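# Structural overview for review
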Amino acid sequence: ASFGSDSIGTPPLGGGLFPELVSFDPRGWGGLPETLKERFSSDFEEGMRRLSEEYPHSMSRLQRAMAAYFFAFAPRPTNLYFSVVKWMIDNGWSGTVATLNYERLFQMCIIQSGLRPIVGKPDSPKEIELCFPHGCCNLFCESIRGLSGAVSFMGNAVSTNGPVVPIDDPRTYKARIESDAFPPVMSYFDPKKGTTSGASFIADQRERYRECVSRATTVAIIGVKVRMNDEHLWKPLAE
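The notes below deal with the structure included here. What you see is a predicted model; the values in this text were computed from it and never measured.

Time to look at the pairing of strand β3 (residues 127-131). The buried fraction of β3 is high, at 5 of 5 residues. Residues E127, E129 and C131 line one face of β3 and the alternating positions I128 and L130 line the opposite face, and both faces are buried. Across 3 bridges, strand β1 (residues 96-98) lies against β3 in parallel orientation. Paired with V97 across the bridge in β3 is L130. Across 3 bridges, strand β2 (residues 116-118) lies against β3 in parallel orientation. Residue pairing for β3: P117 is matched across the bridge by I128.

Here it is, written out as structure tokens:
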């Protein structure tokens, strides 16, 4: 949905993500072997799967760079998310928004429109529930940290749990993303949608998504590519 929310200044669709990451992070994403680059260019999820098998210790470093890439996006006044939020306010809408996007465009539009996005059920008309089945680039798990230059681990074999907090201040974010070896609470863009940081938070959010879908009278799906392996998304809808 974010790709179509404005004419410029939006993140690419999955098929165009890899060259953007190479341009943003030439030493990390751009330094991958040519065989992996070809795989990422043709199918990003398959590229991540191959990366997890061949270079698992690189996953956290590349995930942090991807998060930093998505963090930099900000909505323009012409962004259609503002129109959506205005409609919500004008109509007293009380539903839940589940976003699969790693960037913060929708969240920022909600905040700039005078509402407060929260995780969990709202307590006031000024709040809107946001559900993150895949996490987001600005969410961090506070249970454990490690210096990025001193800690190395296999991204697909390590998970952390504990309090999850958002970081929106650019300076604070830059310091955290560069110094902490653990990536944000953000599922890998691979077939399994595995998660290193805040794994229980992601599990809870997927359960909350299932609950919201099961109780909804209306479900609207905007801008989501159907990937058949994402059963955590499609199974609740099928049921």
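What follows concerns the packing of aromatic side chains. Summed over all chains, the structure comprises 15 aromatic pairs. Ring centres of F18 and F40 lie 5.2 Å apart, and the angle between their planes is 5°; this geometry places the pair in the stacked category. Pair noted here: F18 is in helix α1 (residues 17-24) and F40 is in helix α2 (residues 34-42), with a separation of 22 residues, a long-range link. A ring pair is formed by Y69 and F70, whose centres lie 5.2 Å apart and whose planes are at 65°; its orientation type is edge-to-face. With a relative accessible area of 7%, Y69 lands in the buried category. A residue is classified by how much of its surface remains accessible, and F70, at 7% relative accessible area, is buried. In textbook terms, an aromatic cluster arises when at least three aromatic residues are bridged by ring pairs, as seen for F18, W29, F40, F44 and F189.

Moving on, we come to the side chain of Q205. Mapped onto the elements, Q205 comes out in helix α8 (residues 199-215). Dropping the residues within four chain positions of it, Q205 is found in contact with V119, L130, C131, F132 and P133.

One can find A68 in helix α4 (residues 59-71). What A68 contacts, discounting residues up to four positions off in sequence, is F24, Y173 and I177.

What follows is about the packing of α8 against helix α9 (residues 231-238). Contact pair α8 / α9: the axes reach a minimum separation of 9 Å and the direction vectors enclose 20°. Between α8 and α9, the angle falls in the class roughly parallel. Every pair of crossing elements has a handedness; the one defined by α8 and α9 is right-handed. Within the contact between the two elements, α8 uses R206, Y209, R210 and V213 and α9 uses H232, L233, P236 and L237. Of the residues that constitute the contact of α8 with α9, the class distribution is 5 nonpolar, 1 polar and 2 charged.

Along the chain, R227 turns up in the loop between α8 and α9. Ignoring sequence-local partners within four residues, the contact set of R227 consists of E45, F189, K193 and W234.

Taken in spatial order, the 3 strands make up an open sheet running β1-β3-β2, and their pairing is parallel. Looking at strand neighbours, the two that pair on one side only are β1 and β2, the edges of this open sheet. In this sheet, neighbouring strand axes are inclined to one another by 35° on average, regardless of whether the strands run parallel or antiparallel. Docked against the sheet, helix α6 (residues 105-112) engages β1, β2 and β3, running at close to 135° with respect to β2.

A few words on the nonpolar core. Core analysis: the biggest nonpolar cluster contains 48 residues, and W29, F40, F44 and M66 have the highest contact counts within it. Apart from the residues lying within four places of it in its own chain, the contact partners of F44 are G14, L17, F18, L21, W29, R39, M66 and F189.

Rules used in this analysis
- Residues numbered from 1 in each chain as written.
- Predicted model: local features only at pLDDT ≥ 70, side-chain atom pairs only at ≥ 80, totals over all residues.
- Heavy atoms only, no water.
- Buried < 20%, exposed > 50% of the residue type's maximum accessible area, 1.4 Å probe, protein only.
- Helix = DSSP H or I, 4+ residues; strand = E, 2+ residues; numbered from the N terminus.
- Pairing = 2+ DSSP bridges.
- Phe/Tyr/Trp six-rings, centres within 6.5 Å; stacked < 30°, edge-to-face > 60°.
- Contact = heavy atoms within 4.5 Å.
- Axes fitted to C-alpha atoms, helices over the stretch in contact; angles between N-to-C directions.
- Parallel < 35°, antiparallel > 145°, perpendicular 65-115°, else oblique.
- Left-handed = near helix turned anticlockwise from the far one by under 90°.
- Nonpolar A, V, L, I, M, F, W, Y, C, P; charged D, E, K, R; others polar.
- Core = buried A, V, L, I, M, F, W, Y, C linked by side-chain atoms within 4.5 Å.

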